[in-house]
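A closer look at the structure
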Amino acid sequence: MALLVLAEHDNATLKPATQNSVAAARKIGEKADTSEIHVLVIGHQAVPVAEAAARIEGVAKVILADEVELGPQTAEILTAQVLLQLQAEHYSHLLAPATTYGKNVLPRIAAKLDVQQISGIIDVLSPSTFVRPIYAGNALATVESIAGAIIVLTVLSTGFDASPLRETSAPIESAKELAKDSAGVRLVGRQLASSDKIELTAARVVVSGGRGLQKAENFQLLEALAAKLNAAVGASRAAVDAGFVPNDYQVGQTGKIVAPELYIAVGISGAIQHLAGMRDSKVIVAINKDPDAPIFQVADYGLVGDALEILPQLTAQL
Amino acid sequence: MKLLVPIKRVVDFTVKVRVKPDGSGVDLENVKMSMNPFDEIAVEEAIRLKERGLANEIIVVSLGPAACQETLRTALAMGADRAVLVETDAELEPLAVAKLLKQIVAKEEPQLVILGKQAIDDDSNQTGQMLAALLDWPQGTFASKLEIAEGKATVTREIDGGLETLELPLPAVITTDLRLNEPRYTSLPNIIKAKKRPLDTLKISDLQTDIAPRSKTQKVGAPQPRKAGIRVNSVEELVTKLREEAKVI
């Protein structure tokens, strides 16, 4: 039996989180007798995505389900197509990134299969035993799947280094049967940030701002620092709640979980919900005017002072 | 239109939980418990739909020990009309919760189920999607805006990189994200009024559902603590440390 990874993409490019999910599948494969990994790409005019997926190290085959009805990638139609693939071939595991994409669709598939999904794994102990954070990362649960025809997992990218791209390609097959029924759901539209914005979960450096930045305009100071460092910009929930930045900037328990090489927290006090989203970063810098802020307890380098004064100085010195 | 709002009693978001030394779980003795914050947003959204004349009854339901009555009373004090407690001391997986909720939906026949996108204890983010799957209803997850008109729900969803708007035929399942609304506070007169609203208790056995666990938590441990860092005194020192010691810039 093989392992199936559901590719995340926007019909044009493959999202890098897919490579981390393939890495998790490889780790399961190393511990099992079966290590063949298939990637399923569902969309419309998504051939470039399938070609990118075929180049991920460890992938034996890509299945492409390409049809106009599949283009919107709603949970309903993705579920229908994945179920067709699970009927066409036998799989031991189904994996997808623990992003809003995977979180939306995978539980729907798991329920159709009468399977209890294991969400947001960060480690593989055996083909059926996984580690996942609970309580905003304040505890780690070791969970074993004990019943079900297939194991369904979402994968936190921070737990697995991306499986690299190689020169050679795995074969790409077309799905034999295509799902048609979208359950009456219609995609009205998407408003996405410009594509040149560096994605938080894939960035080497992240600079995040909190309520200490005081107002939305002051995020420009953070943007300037980010531009210097080629960094993605994040925020605490407090900054999102205050309306300084959109919700998809949010780093934390209920936002994005990141683990960059360098994380700079500016004007963020360090609530446990925020720490949950960044505590696995390699190097953490905290800048805050309150010397007792909890963020300093996880920071490798702490600087006490007014963020609005420090930010321009820091940007100038880089 | 009837609305069903499932709510979960969880450790309050301000509590820093501690792992039990024997690895059997987290210590919940004498810890403050509250309604899951995302479920509070779901209750608020239901009340706003009712206030706009788009719904006429809000039923809140919780699954868990008798103490969940307190959480249900909070929802009644916010403005829900009646409550159902499915009382059990068993630990329920999201799939089991979804199956039990499906039975409640069959009984109550709501047109819309609104619930939190995730519970802040197990952070699974599954129940709404699973319930939608079991009912074969469309789903609008991570909603930051919800409009109901002519038998359809228009849902704006928080997705990585921005927003997505979907139109779903009713009945449907909606899960709430942070920016959907700001839940109201409960006032003392409303808390007193809520005590008179109906709260029915069911047993799991009343619902004839397979809730056998499909996963087993072997151990709960504490994450590796980060080693203590240092304070720097100036921007210059910070830049030097990042360049020469950490070598990350």
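Below you will find a few notes about this structure. Each chain has its residues counted from 1, following the order in which its sequence is written. As a convention, the first chain written is A and the first ligand written is 1, with the rest following in written order. Local features in this predicted model are restricted to residues of pLDDT 70 or higher, and side-chain atom pairs are both shown and tallied only at a pLDDT of 80 or more, whereas totals for entire chains, interfaces and linings draw on every residue. Only heavy atoms go into the side-chain values, all of them from the structure, while hydrogens and water stay out.

**Describing the sheet that holds strand β4 (residues 91-97) of chain A**
Residues and elements named next belong to chain A. What counts is decided by this rule: When DSSP finds two or more bridges between a pair of strands, those strands are recorded as paired. Going along the chain from the N terminus, every DSSP run of H or I of four or more residues is numbered as a helix, and every run of E of two or more is numbered as a strand. Axis angles are defined between N-to-C directions and span 0 to 180 degrees, where every axis is a line fitted to C-alpha atoms and, for a helix, only to the segment in contact. By definition, residues are in contact when any of their heavy atoms lie within 4.5 Å.
With parallel pairing, the 7 strands of this open sheet are ordered in space as β5-β9-β4-β1-β2-β3-β10. Either end of the sheet is taken by a strand with one partner, and the two such strands are β5 (118-121) and β10 (172-174). Here the strands of the sheet are splayed against their neighbours by 25° on average, with no regard to which way each runs. Pairing of β4 with strand β9 (residues 151-155) involves 5 bridges; the strand directions are parallel. Counted as the bridge partner of A96 is T154 from β9. Packed onto the sheet, helix α2 (residues 47-54) meets β2 (37-43), β3 (59-66) and β10 and runs at close to 170° relative to β3.

**Examining the sheet that holds strand β7 (residues 129-134) of chain A**
Pairing within the open sheet is antiparallel, and its 4 strands lie in the order β6(A)-β7(A)-β8(A)-β12(B). Looking along the sheet, the strands with just one partner apiece sit at the ends: β6 (123-126) of chain A together with β12 (215-221) of chain B. Neighbour to neighbour, the strand axes of the sheet diverge by 30° on average, direction disregarded. Sheet topology places strand β8 (residues 139-145) of chain A next to β12 of chain B; 6 bridges connect them, and they run antiparallel.

**Points about the interface of chain A and chain B**
As a reminder of what qualifies: A simple way to read buried area is as the amount of 1.4 Å-probe accessible surface that goes missing from two parts once joined, with both sides added. Salt bridge criterion: a side-chain nitrogen from Lys or Arg within 4 Å of a carboxyl oxygen from Asp or Glu. N or O atoms closer than or at 3.5 Å make up a polar contact, with two conditions inside protein: a donor-capable atom paired with an acceptor-capable one, and, for residues adjacent in sequence, both atoms drawn from side chains.
Of the residues lining the interface, 84 residues belong to chain A; the matching set on chain B comes to 81 residues. Buried surface at the junction of chain A and chain B, summed over both partners, amounts to about 7000 Å²; 52% is from carbon and sulfur atoms. Broken down residue by residue, the surface that chain A buries against chain B is led by Q116, Y135 and Y301 of chain A, which jointly contribute 12%. For the pair chain A and chain B, the number of links is 7 salt bridges. Note that D136 of chain B is salt-bridged to K112 of chain A, the shortest N-O span being 3.0 Å. There are 55 residue pairs in polar contact (both at pLDDT 80 or more) connecting chain A and chain B.

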